[in-house]
Amino acid sequence: MYDQFNEIFGDFWDPKKRVFFGYLALSLLIALGWMTLLKRTSLKAALARIFDRRVFFSASAKADYKIFVLNRLFTLFISPLMIAQVTIATAVYFFLHDVDWLQSGQFGTTPKSVVVALFTVSLFLTDDFTKFLVHRWMHRWPLLWAIHKVHHSAETLTPVTVYRVHPLEGVLYGLRGTVTQGTVIPLFLFLFGTGVDLATVVGVNVLVFIFHITGSNLRHSHVDIHYWPWLERVLISPAQHQLHHSTAQTHHDKNFGAALAIWDWLFGSLHLSEKDATLQFGLPASQASATNLLDIYLRPFRDMARYVTRRAKRLTHWITRRSPDAG
Amino acid sequence: MPKFGLSSTTAIVAATLIAGSALADTYGPFPVTLQGYDGEKTNSVSYSGQIARHTLEKSLKSLAGRGNGGANAAELEALMLAYFNGSDSDLEIVSPKSKDGFPISQSTVGAISKGKNIAGKFYNGAMPAWPGNMAGKDVVLHMISNAAAANKGFDAENGYDWGQLISKYTMGAMMFNQSVDNYLDEKLAADVKPNDKPYKDGAYYTGKEHSWDEGFGYWGAPAHTMDLTPKQAYAIAKGKDLAAADANGDGVVDLKTEYVFGPAYYAAGADKGGTQTTNYMHTIMQAFIDGRQVIADANGAALTDDQRAKLVSYAATIEGNWEKVLAEATFKYAGSVYKDIAKMEGLEGEELAKAYRAYVKHWGELKGFAMALQTGKNNLGATALELNTLIGFGPVTLDNSYVTGLDAEGNFVRERRMTWNDYQLNMLKVQKQLVDTFGIKSRANDQLAELEALAGALEAEAGAETD
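Residues numbered from 1 in each chain as written. Chains lettered and ligands numbered in written order. Predicted model: local features only at pLDDT ≥ 70, side-chain atom pairs only at ≥ 80, totals over all residues.

1. Looking at helix α14 (residues 420–438) of chain B
Line of reasoning, step 1. Across its 19 residues, α14 of chain B extends 27 Å between first and last C-alpha, which sits within 8% of the 27 Å expected from 1.5 Å per residue.
Line of reasoning, step 2. Along α14 of chain B, the positions that sit buried rather than exposed are Y423, Q424, L425, N426, M427, L428, V430, Q431, L434 and F438 of chain B.
Line of reasoning, step 3. Buried residues in α14 of chain B make contact with α6 (85–96) of chain A together with α11 (305–344) and α13 (382–391) of chain B.
Line of reasoning, step 4. Within two residues after α14 of chain B, G439 of chain B carries a phi angle of roughly 60 degrees, on the positive side. (Helix = DSSP H or I, 4+ residues; strand = E, 2+ residues; numbered from the N terminus. Expected span 1.5 Å × (residues − 1). Buried ≥ 20, exposed ≤ 12 C-beta atoms within 10 Å, placed from the backbone. Contact = placed C-beta atoms within 7 Å.)

Below is the structure:
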């Protein structure tokens, strides 16, 4: 019984996960500090705003909680089927030996501390960049948008909304992580030889840890903490991510970044936060349901099938039009 | 409470004693069971011929390093052949020799057993791992002749360390082959060397007793191996731990029963190193002891089918684990060769020459063990072909060329080149192949261990977390 409970809710006490209770507590402190010290709100009002019943007990949030549990169950079945990171890492390691202009142990004399620092930063940067890239594709490609809509159908945002994703999206993101780490790890071992290691705090990449203790949970919340404009070009603020969820046309396809804003800046999708703007979240009912679980889980398949059929028809049409005996 | 304390202590002591007595089992003495024997012998165990052959092998390895670049070639080859083919005169044991703190009781081969040789017990099937399309014995003769002409057993140009090649190859071609493919194989048949007859006319041991003893002798472990840790066994082979070796406490090491030779040494090495999750040395040793007990219990009668089935089962344990020991050693040196290549990068002059010397030595061990694996009871088929292709006839040398064959005069030719990276990749593939084929666990010098550990440890990091 305890094992099953742990299996489902273990993320709340796993420091590797964003919803670890320690990070949640720190997010709460940051939110309180922001509202009372900077916004001059009374403590009572601040608490009422943070723990707003209309947010945490909205129909959309309730759907989030159910999806959280259901997805944990799906993960139990799916994760054994996922390709092991070590398989990719070994294949890449073998491949690197075939690259003529690279030598194994080429930088083998680099001091260990430098190697660890480089590895930690590289892993963080590549991880964050591939998250940005996949997220961007999720919005750009209709087949992927059909899946990603589930996340954007949330009408209220709570830290648990991070789990409001279609299981297929979980698989894609898992693969992304596997491929990213499965490439960076062998590359470092090949170039630097032994001594490659990650700088960690409580078992987490130190940079990811910093991301989490500085309020990563507030990205999915109604607490619109924003940074100075210059910092919002480097790091995505909670307000910037909330803007990414906004229904306003001008906010569409902006701020795909996870921790860093530089990718959005480079790819032209950066949008700085707007002070005191009231944002609406969610999608029109014609696109996705915020609360109907059956619709949430099944509509992506229907949308994908429709898209494929439409493209296939167009292709057939194009072929028949071009064939010599047509018309 | 005191009563409970006392009784539980007694139980622990008793359990320790029982466990201790089971572990303290030694290979012999076993009684003389030959029916009708009326001589004075009380111990039927005899394997001194095999121990003599171990000293011939170790001596041959030492002699392989005595060449001076050609001037003494003829003389040295004749001497080496005396150790290989046997000699009418008593041969000095060149190795192992007595040294301070580790006195050895025998200094000549004849003091162990007279009239023994390696040649008569050498694998002579096909050996495609070596250039020239030769049979097993011709290969080692080719090596001996090259060793005699080399400078200190080292051929820098072609990348050969003759002492290592001869020694490791012989550990398969003589010891492994004779034990698992002869004494523990054909000689276990019902109608071969039966237990109700002497091994040969006039012998005081039965056919099966001596067959098993001979198989044991090639394994090269001291009789009291079960009392030794792999670390102690390893030290004995290095001539270091007299207290551990000297089982009878007479102050000297008797090579016949107290020394650790090649195969047992590499089993100890695998158990002691790598992941330290294996127990090859004790597993093989216990199977030898248990098998010998089955024969002793038959008390000179012909073995029943059931008794023979037990022996076959112990023989399978020995054979399987011994093969793994050879695979572990091959694995370890493939890792060494990989690391040596990385070390040589960026080195020049003296330092490079030194690193290259170590690389050639490790390659000799790798090649020798890979060849040894191909002399056993099992036909390795495609695995052997793959290993031979990956390792090659010779290592990649300093100008990136490597031996591709022999010319009409029997000289090595190096007609192809390979990059260091490609050869390193071959070593990784050798390690992978050995794990996949033999399921080895110790895996010393595992070149993928760090990668696997890091990829495994960071698996959970692979965030499925999205935004």
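2. Details of the packing of helix α2 (residues 21–38) of chain A against helix α3 (residues 43–50) of chain A
Residues and elements named next belong to chain A.
Line of reasoning, step 1. In contact at an axis separation of 9 Å, α2 and α3 are set at 130 degrees when each is read in the N-to-C sense. For the element pair α2 / α3, the angle class is oblique. Crossing of α2 against α3: the hand is right-handed. From α2, L28, A31, L32, M35 and T36 reach across to α3, where they touch L43, A46, R49 and I50. (Axes fitted to C-alpha atoms, helices over the stretch in contact; angles between N-to-C directions. Parallel < 35°, antiparallel > 145°, perpendicular 65-115°, else oblique. Left-handed = near helix turned anticlockwise from the far one by under 90°.)

3. Points about the interface of chain B and chain A
Line of reasoning, step 1. Tallying the contact residues gives 25 residues for chain B and 38 residues for chain A.
Line of reasoning, step 2. The element that contributes the greatest number of residues to the side of chain B that touches chain A is helix α15 (residues 449–457) of chain B, accounting for six residues.
Line of reasoning, step 3. Across the side of chain B that touches chain A, the residue classes tally to 11 nonpolar, six polar and eight charged. (Nonpolar A, V, L, I, M, F, W, Y, C, P; charged D, E, K, R; others polar.)

4. Considerations on helix α6 (residues 207–219) of chain B
Residues and elements named next belong to chain B.
Line of reasoning, step 1. The first and last C-alpha atoms of α6 sit 19 Å apart over 13 residues, in line with the 18 Å expected at 1.5 Å per residue.
Line of reasoning, step 2. When you tally the buried positions in α6, you get 13 out of 13 residues, the bulk of the element.
Line of reasoning, step 3. Residue G220 follows α6 closely and has a positive phi angle near 75 degrees.

5. Looking at the packing of helix α9 (residues 262–272) of chain B against helix α10 (residues 280–297) of chain B
Angle between the axes and distance between the axes are the two parameters that describe a pair of packed helices.
Residue and element names in this part refer to chain B.
Line of reasoning, step 1. One way to put it is that α9 packs onto α10 with a least axis distance of 7 Å and a crossing angle of 135 degrees. Here α10 runs oblique to α9, going by the angle between their axes. The segment α9 lies against α10, with A264, A267, A268, A270 and D271 engaging Y280, M281 and I284.
Line of reasoning, step 2. A per-class count over the contact of α9 with α10 returns seven nonpolar, no polar and one charged.

6. What to know about the environment of V252 of chain B
Line of reasoning, step 1. Within the element layout of this structure, V252 of chain B appears in the loop between α8 (242–245) and α9.
Line of reasoning, step 2. Spatially, the C-alpha atoms of V252 of chain B and K361 of chain B are 32 Å apart, while their sequence positions differ by 109 residues.

7. Comments concerning the nonpolar core
Nonpolar side chains tend toward joint burial in soluble globular proteins.
Line of reasoning, step 1. Core analysis: the biggest nonpolar cluster contains 153 residues, and I166, V260, A264 and I284 of chain B have the highest contact counts within it.
Line of reasoning, step 2. When residues no more than four places from it in sequence are discounted, the contact partners of I166 of chain B are L60, K61, A64, V140, M143, I144 and A147 of chain B. (Core = buried A, V, L, I, M, F, W, Y, C linked by C-beta atoms within 7 Å.)

8. Regarding the confidence of the model for chain B
Residues and elements named next belong to chain B.
Line of reasoning, step 1. The share of residues in chain B with pLDDT of 70 or more is 93%, and the mean pLDDT across the chain is 93.
Line of reasoning, step 2. Counted against residues more than four places away or in other chains, residues 1–6, with its pLDDT under 50, gives zero contacts.
Line of reasoning, step 3. Counting contacts from residues 12–24, a segment whose pLDDT is below 50, to residues more than four positions away or on other chains yields three contacts.
Line of reasoning, step 4. Here the predicted complex carries an ipTM of 0.82, next to a pTM of 0.84. (pLDDT = per-residue confidence, 0-100.)

9. Digging into unusual backbone geometry
Line of reasoning, step 1. Each neighbour pair has its own omega, and for G28 of chain B with P29 of chain B the value is 0 degrees, a cis peptide bond.
Line of reasoning, step 2. Position of P29 of chain B among the secondary structure elements: in the loop between α1 (2–23) and α2 (48–63).
Line of reasoning, step 3. The peptide bond linking S95 of chain B to P96 of chain B adopts the cis configuration, its omega dihedral lying at 0 degrees.
Line of reasoning, step 4. With respect to the helices and strands, P96 of chain B occurs in the loop between α3 (73–85) and α4 (136–149).
Line of reasoning, step 5. At D253 of chain A, a residue that is not glycine, the phi angle is positive and equals roughly 55 degrees.
Line of reasoning, step 6. One non-glycine residue, K152 of chain B, adopts positive backbone phi at about 55 degrees.

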